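Descriptive structure summary
Spelled out, the chains give:
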Amino acid sequence: MKEKINQYISKFKVARSLKVRIFFIILLVGIVPTAILRYGILQNYEQRAVEVRISDVQTQFKILANHLITYNYLQDTSSEIINAELEQLSNLYDGRVLIIDSNFNVIKDTYGISQGKTMISEEVIKCFKGGNGVNYDPVNQYIEMTTPIVLIRQNEEGKENFEKEESVVIGVMLTSVSTDNIVANIEILSRQANLIQFVMVVIVIAIAWGLSNILVNPFEKVSAEIGKVQDGFQDEPISVSDYLETEHIVTAFNELLGRMKTLDESRQEFVSNVSHELKTPITSMKVLADSLIAQEDVPIELYKEFMTDIADEIERENKVINDLLSLVKMDKTAANLNIDTIDINAFCELILKRLRPIAKQRDIDVIFESKREVTAEIDEVKLTLAISNLVENAIKYNNDHGYVKVTLDADHQFFTIEVEDNGLGIPQESLEHIYERFYRVDKSHSREIGGTGLGLAITRNAILMHRGFIKVESEVGEGTRFLVKIPLTYIAK
Ligand code: ADP
């Protein structure tokens, strides 16, 4: 059973091959017209040959009918000239001639069988009435026809009749002529046609085979080139420019390859950044621990101080790991969103409430301005992380006694959250990099105040997952303004 299914699948696969399809299309286009032509020509030949034979025979028998009148054959069948003529014609056309008089008596049969008998058939009656009957029987291979024997009588003077002459059918010739030689000719013709057709089929198969190979070749080249890339992951883009179509495929593939390379590079960079970020606190801890071990009789105060530093480094390590985990969560597909209808005013208030104590330590004023009541469909946990990061940054990169202003607004489609501060600001050239993982404008300062460089990457990912977008404006020394715009209703793709 399984084998049968496999066989079926493999057969089906062959039918799906472009090469096989082209092969059969060319075969069809090459062979069908020749078959139609052959059939048409043979049919036409038969029709034409029968027509020629009929007109031939009719002419001969019309002449004979006149002779019959001249020799008064219907009254006296002994005329040797006519009998010889009849014999000659029936031999010539390989047929039989019956001569029937006006009483439907057969007065002459060249086969000698029906002589003296009565013959009343539809054709004969029709012919007596003036009609000419021709009947071709292709199955039994003969033509049957009737020829009237017409007497022209002179009308007597004084009769009321206007015409001087009058035609009277006084007898009928019933002739059947064999079409054997036509059939023999058709057979010869058809044999020749078969031979020509066979040669044609062989040539068409050869052309179809060659053409299907040539036409499909560029596609095979494309897959071979792609195969090479898979094997070696070579750097150069591939090129098969035989067809516009293969060029399109190759261009699309090269673009994909480029994107894969960029992705690969950024992943490598990310991994090396992660290792570096995780190694830094460990190195510090090792240095601190080693220096404690190396010294003898270390005073308890120094122990305490070094241990506090080690605890700080552990805290830092913990922060980096937590941020990395958040980022990994955000990197997953939008299907992981936990969408709920949320009161965004309360949502913002809660975030600010949590962060105000930190701001208070540096006397930074945190203001919330809501232009309207907003409810929206969001993933509360992920968006809290995003907005918290923005407000946290606005506090972290602020001057003492500064302010942070959060403004909420909405239109019929989106809600916007604006986070504005009058802090340090971001240099223009750094603006395009701030969403990159581990990017910090001032590395040492950021480290000092506990930054990991992952905050804005997390924020941006969370916003993109909600199909929203984020924009930043900043001036060094003046402050920074982040604008987040998110659809009110979540649209799953
Ligand atoms: P970090 O953990 O270092 O804060 P982020 O990804 O949150 O990392 O931010 C990246 C960098 O962007 C920060 O190091 C900081 O230099 C800069 N930055 C972010 N927000 C602000 C802001 N409100 N004011 C000034 N600089 C900012």
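Cut-offs used in this document
- Residues numbered from 1 in each chain as written.
- Predicted model: local features only at pLDDT ≥ 70, side-chain atom pairs only at ≥ 80, totals over all residues.
- Heavy atoms only, no water.
- Near = heavy atom within 4 Å.
- Polar contact = N/O pair within 3.5 Å; in protein donor to acceptor, adjacent residues only side chain to side chain.
- Areas by Shrake-Rupley, 256 points an atom, 1.4 Å probe, with all protein chains shown as cover.
- Helix = DSSP H or I, 4+ residues; strand = E, 2+ residues; numbered from the N terminus.
- Contact = heavy atoms within 4.5 Å.
- Pairing = 2+ DSSP bridges.
- Axes fitted to C-alpha atoms, helices over the stretch in contact; angles between N-to-C directions.
- Phe/Tyr/Trp six-rings, centres within 6.5 Å; stacked < 30°, edge-to-face > 60°.
- Buried < 20%, exposed > 50% of the residue type's maximum accessible area, 1.4 Å probe, protein only.
- Lys NZ or Arg CZ within 6 Å of the ring centre and 35° of its normal.
- Domains from an automatic or database assignment.

1. Focus: the site of the ligand
- Around the ligand, a shell composed of 20 residues is seen, among which N393, Y397, S446, T452 and L456 lie nearest.
- Between an oxygen atom of the ligand and a main-chain N or O atom of V441, the distance comes to 3.3 Å.
- G453 is positioned with one of its backbone polar atoms (N or O) 2.9 Å from an oxygen atom of the ligand.
- Considering the ligand on its own, with 530 Å² of exposed area, one finds that the protein chains cover 97% of that surface.
- For the shell around the ligand, the elements supplying multiple residues, two or more each, are α9 (380-396), α11 (455-465) and β12 (479-487).
- Broken down by element, the residue count for the shell around the ligand peaks at three residues, all from α9.

2. Overview of the side chain of S212
- Looking at the secondary structure, you find S212 in helix α5 (residues 180-232).
- Those residues in contact with S212 that sit more than four places away from it in its chain are K19, I22 and F23.

3. A few points about the pairing of strand β5 (residues 165-178)
- Pairing of strand β1 (residues 95-101) with β5, which is carried by seven bridges, proceeds in the antiparallel orientation. Its bridge partner lying in β5, R96 is registered against S176.
- Strand direction decides the pairing type here: strand β4 (residues 142-154) and β5, joined by 13 bridges, are antiparallel. Bridge pairing in β5 links L151 to V168.

4. Some thoughts on the pairing of strand β3 (residues 134-137)
- As paired strands, β3 and β4 are joined by four bridges and run antiparallel to one another. Within β4, the position partnered with D137 by the bridge is Y142.
- If you look at the hairpin formed by β3 and β4, you'll find four residues sitting between the two strands, and Q141 has a positive phi there, around 60 degrees.

5. Observations concerning the sheet that holds strand β11 (residues 469-475)
- The mixed open sheet is built from five strands, whose spatial order is β7-β9-β10-β12-β11. Looking along the sheet, the strands with just one partner apiece sit at the ends: β7 (365-370) and β11. Adjacent strand axes in the sheet meet at a mean angle of 10 degrees, parallel and antiparallel pairs treated alike.
- Running at roughly 25 degrees to strand β10 (residues 414-421), α9 makes contact with β9 (403-410), β10, β11 and β12 of the sheet.
- Of the strands in this sheet, β11 and β12 are in contact with α11, which crosses β11 at around 140 degrees.

6. Focus: the packing of aromatic side chains
- Tallied over the full model, the rule gives five aromatic pairs.
- Measuring from ring centre to ring centre gives 5.3 Å for F23 and F24, while their planes differ by 85 degrees; the resulting arrangement is edge-to-face.
- You can call F23 buried: its relative accessible area is 16%.
- For the ring pair F104 and F128, a centre distance of 5.2 Å and an interplane angle of 75 degrees mean the geometry is edge-to-face. Highlighted residues: F104 in the loop between β1 and β2 (106-109) and F128 in helix α4 (residues 122-128), separated in sequence by 24 residues.
- Residue placement shows R437 over the ring face of F270; its charged tip is 4.2 Å from the ring centre.
- Across from the ring centre of F414, 5.1 Å away, lies the NZ or CZ of K485, which sits over that ring.

7. Focus: the domain arrangement of the protein
- Segmentation of the protein into domains returns domain 1 (23-184), domain 2 (245-330) and domain 3 (332-487).
- Computed over C-alpha atoms, the centres of domain 1 and domain 3 are 110 Å apart.

8. Regarding unusual backbone geometry
- Although it is not a glycine, D94 adopts a positive phi angle of roughly 50 degrees.
- Of note, D94 is situated in the loop between α3 (80-92) and β1.
- The exposure class of D94 is partly exposed, given its relative accessible area of 47%.
- In the Ramachandran plot, D363 falls in the positive-phi region, its phi being about 60 degrees despite a non-glycine side chain.
- Of the residues examined, D363 reaches a relative accessible area of 45% and is grouped as partly exposed.

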